[in-house]
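A closer look at the structure
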Amino acid sequence: MHDYQTRFLELAEQCGVLRFGDFTLKSGRQSPYFFNLGNINSGAAMQALADAYAEAILAAKLEFDMLFGPAYKGIPLVTAVALALAQRGHDYPFAFNRKEAKDHGEGGNIVGAPLQGRVLILDDVLTAGTAAREAITLIRNAGAEPVAAMLAFDRQEKGQGTQSATQELAKEQQLAVAALVGLSDLEAWLRASGDADKHAQIARYREQYGV
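Small disclaimer: the values here were computed from a predicted structure and weren't measured.

Criteria and thresholds
- Residues numbered from 1 in each chain as written.
- Predicted model: local features only at pLDDT ≥ 70, side-chain atom pairs only at ≥ 80, totals over all residues.
- Heavy atoms only, no water.
- Salt bridge = Lys/Arg side-chain N within 4 Å of Asp/Glu carboxyl O.
- Helix = DSSP H or I, 4+ residues; strand = E, 2+ residues; numbered from the N terminus.
- Buried < 20%, exposed > 50% of the residue type's maximum accessible area, 1.4 Å probe, protein only.
- UniProt positions renumbered as here; feature names shortened; annotations may be inferred.
- Contact = heavy atoms within 4.5 Å.
- Expected span 1.5 Å × (residues − 1).
- Pairing = 2+ DSSP bridges.

This part covers the pattern of salt bridges. Inspection of every chain in the model, using the stated rule, returns twelve salt bridges. The partner of Glu13 in a salt bridge is Lys198, and the shortest N-O contact between them spans 3.7 Å. Highlighted residues: Glu13 in helix 1 (residues 3-14) and Lys198 in helix 7 (residues 196-209), separated in sequence by 185 residues. With a shortest N-O distance of 3.3 Å, Lys73 and Asp124 are connected by a salt bridge. One end of the pair, Lys73, is in the loop between strand 3 (66-69) and helix 3 (74-87); the other, Asp124, is in the loop between strand 6 (118-122) and helix 4 (130-141), and 51 residues separate them in sequence. Accessibility expressed as a relative area gives 44% for Lys73, which makes it partly exposed. On the accessibility criterion, Asp124 (12% relative accessible area) is buried.

Turning next to the UniProt feature "binding site: orotate" (unreviewed entry) in the protein. UniProt records the feature "binding site: orotate" (unreviewed entry) for Phe34, Phe35, Thr127 and Arg155 in the present numbering. Along the polypeptide, Phe34 turns up in strand 2 (residues 30-35). Leave out the neighbours within four places in its chain, and Phe34 touches Val17, Leu18, Arg19, Phe23 and Leu25.

Quick look at the environment of His90 now. Topologically, His90 is positioned in the loop between helix 3 and strand 4 (94-102). On a C-alpha basis, the gap between His90 and Ala54 in space is 9.5 Å, while along the polypeptide they are 36 residues apart. When near neighbours in sequence (up to four residues on either side) are disregarded, His90 contacts Leu58 and Leu85.

This brings us to helix 2 (residues 43-60). Because the α-helix completes a turn every 3.6 residues, residues three or four places apart line up on one side. Taking 1.5 Å per residue as the helical rise, helix 2 with its 18 residues ought to reach 26 Å, and the 26 Å between its terminal C-alpha atoms agrees with that figure. When we look at burial in helix 2, the residues that qualify are Ala45, Met46, Leu49, Ala50, Ala52, Tyr53, Ala54, Ala56 and Ile57. The inward-facing, buried residues of helix 2 abut helix 1, helix 3, strand 6, strand 7 (145-154) and strand 8 (176-182). Directly beyond the C-terminal end of helix 2, a positive phi value near 55 degrees is found at Lys61.

Looking now at the pairing of strand 3. By the alternation rule, side chains of strand 3 split into Met66 and Phe68 and Leu67 and Gly69, which are all buried. Two strands pair when backbone bridges link them, and strand 3 and strand 6 are joined in this way by three bridges, in the parallel orientation. Counted as the bridge partner of Phe68 is Ile121 from strand 6.

Below is the structure:
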C-alpha cells in the first residue's frame with residue numbers, strides 16, 4: 001500500500017468515516033463495515049482528505065483538464081482537492097453543480113469554471129452509480145468529456161452481475177474509475193494492524209460478495 005492509502009484509512013477510522021459493526025446496506029446486504037465521507041467535517045480533516053485525493057490522482061497518472069464535484073458532498077471536496085493539487089504544482093479549474101437550477105442572476109446549475117475539455121469527477125463511494133451517471137450526463141450535455149472518476153472508497157463487491165458497480169460503470173460509460181482505497185486495501189490494512197477479528201469479518205464479507 002502507498003503511504004497516502006495508510007494515512008487515509010487512519011484518518012477515516014479516527015473521524016468515524018469508517019465504522020465497524022453490523023450495518024444493513026441499501027442492497028439489503030449485512031456489512032461488517034460502513035463508510036461515510038460526510039464525517040469529514042473539520043478543516044484539518046478536510047485538508048488531510050484532499051491531500052490523499054491529490055496524491056491518488058497523481059499516482060494514477062490520469063489525464064484531464066478540469067475537476068468536477070457532484071452536489072452536495074462533491075462541492076467542498078472538489079474545492080479542497082483543487083487547492084491540494086495546486087499546492088503540488090498542478091493548477092486545474094473546477095466546477096460543481098446545484099441540485100436545482102438558479103432562475104435569476106447568471107442562472108443555470110453549474111458553478112465555477114465552464115465545463116469543457118476532459119473532466120475528472122470526484123466522488124466518495126459508488127454504490128448503484130446513480131449520482132455518477134447523473135454527473136456524466138450533465139457534463140456531456142455541457143459539451144465536455146467525462147474521462148475519469150476518482151472515488152474515496154471502492155467496495156469492490158458485486159453489482160447487478162458478476163462485476164462490481166465500479167467495473168459496470170467504467171465499462172458502460174467508457175470511463176477510467178480509480179479509488180484511494182478499496183476493500184482489498186482495507187483487508188490488508190486490518191491484517192497488518194493485527195486486528196484479527198475485524199480482518200476475519202472483512203475477509204468473510206469479501207469472500208461472499210467481493211469480485
